[in-house]
Amino acid sequence: MTKRWVPELLAPAGNLEKLKVAILYGANAVYLGGQKFGLRSAADNFTYEELEEGVRFAHERNAQVYVVLNSFLHDKELDELPEFLEFLESIGVDALIVSDLGVITTIQNHCNIEIHLSTQASCLNVYAAKMWKEMGVTRIVLGREVSLKEASKIKKETGLEVEMFIHGSMCMAYSGNCVISNYTQGRDSNRGGCAHSCRFEYSLDFEEEQKKAYFMSSKDLEGIRVLPEFIDCEIDSLKVEGRMKSHHYVGTISKVYSDAIKYYEKEGHLLSEDMKEWETELRKITHRDYTQASLIEPAGADSIYTERLHDENEYVVVGVVLDVHEDDHLVIEVRSAFRPGDTLELVPFSGPSQEIEVSFATTIMDEPYEKTKPGYLVKIPYVKEAQKWNIVRARLS
Ligand code: SF4
């Protein structure tokens with residue numbers, strides 16, 4: 001039997017805990033930022049020590065780590081880059097995601113780490129991709145503006161790896177070419193400060209009538225139903241947006257897409273009962289209405305969503321499993337308060353969620369709680385399939 005193409009699933013890692021959650025829930029690679037030079041100033045971003053631990057954790061589990069250096073830098077900032085590059089090479093970072101030609105030159109002068117071209121550079125065609133290849137780029141991250149057909153052509157005609165977004169929030173502007181946030185909030189979207197102004201509610205005065213709406217807020221990308229097309233086009237890497245999103249989001253998306261990729265690899269189709277389960281899971285995380293953006297057809301007015309119906313958290317993470325005492329109890333670190341009598345849900349690394357009836361909740365010294373508090377270590381009933389780092393969540397009433 002011919003072996004089927006298997007793409008890489010690339011998840012966002014906003015901090016060290018999210019890196020671990022993403023990899024344990026099935027991501028093959030993560031992308032993250034250091035304290036400088038990336039475009040997500042509000043993400044926790046990794047210190048040198050955390051970067052070293054993150055790379056070690058990933059490599060022990062055959063996962064890759066890509067560091068985002070996609071700001072456009074001034075000369076003074078470029079002077080500070082070589083020391084960081086030498087550190088990244090010393091800890092074995094697998095690739096750097098870059099937009100600026102000056103940054104590419106600096107990388108080539110100071111280390112031998114692979115270079116991936118960021119979506120910020122807006123590479124949309126074969127000719128541009130060939131130029132980037134000549135400059136030493138090995139992979140192109142294509143923007144949401146590019147269709148699967150175009151991506152496949154770029155891959156075939158250049159021999160470059162291609163990476164495409166499969167899930168997450170989207171800019172309503174061309175990737176990397178937006179100043180709405182600079183103009184409305186004084187926050188520079190091209191230097192990590194985007195306030196997501198396009199997603200705000202605005203009002204329009206029209207013939208003495210005032211209309212309020214989210215005129216520019218794009219729906220979120222959801223590619224699960226077109227996953228077979230991504231795989232058949234041999235897209236090298238499927239990227240999930242969201243370095244600033246929660247570890248519930250990171251864990252859920254990593255698990256759903258990794259399970260679906262494995263199912264397709266084995267069966268050659270996604271006509272599965274599991275599809276309903278996967279889509280239900282994707283609706284348990286914070287999201288706007290979903291769209292397939294420009295992947296198959298050009299995006300139209302229906303890719304903007306005007307009603308804010310689906311962005312409430314249906315579920316909240318109440319804790320993370322830190323220890324499993326088989327057939328007896330779990331120790332969890334509480335993230336959100338709960339009480340004995342509540343019903344929680346454990347999210348295993350693979351397979352369906354497991355209900356936990358909280359018949360008891362005690363301190364690790366076995367003193368009972370009436371209500372737990374964030375940050376506390378709490379014993380709750382054991383549930384089969386539980387493993388360290390599993391997410392425990394509860395439905396919001
Ligand atoms: S304001 Fe909206 S379109 Fe512009 S960079 Fe931010 S998220 Fe993207």
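Draft legend 1. Just the overall build of the protein chain, in detail. Across its full length, the protein chain carries 10 helices and 18 strands. Counting only residues that meet the buried cut, the protein chain has 52% of its 397 residues in that class. Contacts spanning at least 24 positions in sequence make up 67% of the contacts within the protein chain whose residues lie at least 6 apart. Of the roughly 19,000 Å² of accessible surface on the protein chain, a fraction of 48% belongs to carbon and sulfur atoms. Computing the positive centroid from 44 side-chain charges and the negative centroid from 65, the protein chain places the two 1 Å apart.

Draft legend 2. Focus on the nonpolar core. In terms of nonpolar packing, the biggest core is built from 81 residues, with L69 and L96 touching the most fellow members. Residues in contact with L96, not counting those within four places in the same chain, are V67, L69, L85, L88, I107, C111, I113, E114, I115 and H116. V318, A361, Y369 and A394 belong to the second largest nonpolar core, which has 18 residues in total.

Draft legend 3. Expanded view of the packing of aromatic side chains. Within the structure shown, the criterion is met by 6 aromatic pairs. Aromatic side chains Y48 and F84 sit 5.8 Å apart centroid to centroid with 40° between the ring planes, which places their arrangement in the tilted category. In this pair, Y48 is assigned in helix α2 (residues 48-60) and F84 in helix α3 (residues 75-91), connecting sequence segments 36 residues apart. For the pair F200 and Y202, a centre-to-centre distance of 6.5 Å together with 25° between the ring planes defines the contact as stacked. With relative accessibility at 33%, the residue F200 sits in the partly exposed group. Using a relative accessible area of 25% as the deciding quantity, one classes Y202 as partly exposed. The structure contains a cluster of three or more aromatic residues connected by ring pairs, namely Y48, F84 and F87. R61 extends its terminal NZ or CZ atom over the ring of F57, reaching a point 3.7 Å from the ring centre. Lying over the aromatic face of F165, R144 brings its terminal NZ or CZ to 3.9 Å of the ring centre.

Draft legend 4. How the structure looks around unusual backbone geometry. Unlike most non-glycine residues, E234 shows phi in positive territory, near 55°. You can see E234 is positioned in the loop between α8 (227-232) and β11 (237-240). Unlike most non-glycine residues, W389 shows phi in positive territory, near 85°.

Draft legend 5. Quick look at the side chain of R139. The residue R139 is located in strand β6 (residues 139-142) in this model. A relative accessible area of 4% means that R139 is categorised as buried. Polar contacts involving the side chain of R139 include one to the side chain of E8, which spans 2.9 Å. Those residues in contact with R139 that sit more than four places away from it in its chain are E8, L10, Y66, I115, H116, L117, L160, E161, V162, E163 and S237.

About the criteria used
Residues numbered from 1 in each chain as written. Predicted model: local features only at pLDDT ≥ 70, side-chain atom pairs only at ≥ 80, totals over all residues. Heavy atoms only, no water. Helix = DSSP H or I, 4+ residues; strand = E, 2+ residues; numbered from the N terminus. Buried < 20%, exposed > 50% of the residue type's maximum accessible area, 1.4 Å probe, protein only. Contact = heavy atoms within 4.5 Å. Areas by Shrake-Rupley, 256 points an atom, 1.4 Å probe, with all protein chains shown as cover. Lys, Arg positive; Asp, Glu negative; His and termini not counted. Charge placed at Lys NZ, Arg CZ, Asp CG, Glu CD. Core = buried A, V, L, I, M, F, W, Y, C linked by side-chain atoms within 4.5 Å. Phe/Tyr/Trp six-rings, centres within 6.5 Å; stacked < 30°, edge-to-face > 60°. Lys NZ or Arg CZ within 6 Å of the ring centre and 35° of its normal. Polar contact = N/O pair within 3.5 Å; in protein donor to acceptor, adjacent residues only side chain to side chain.

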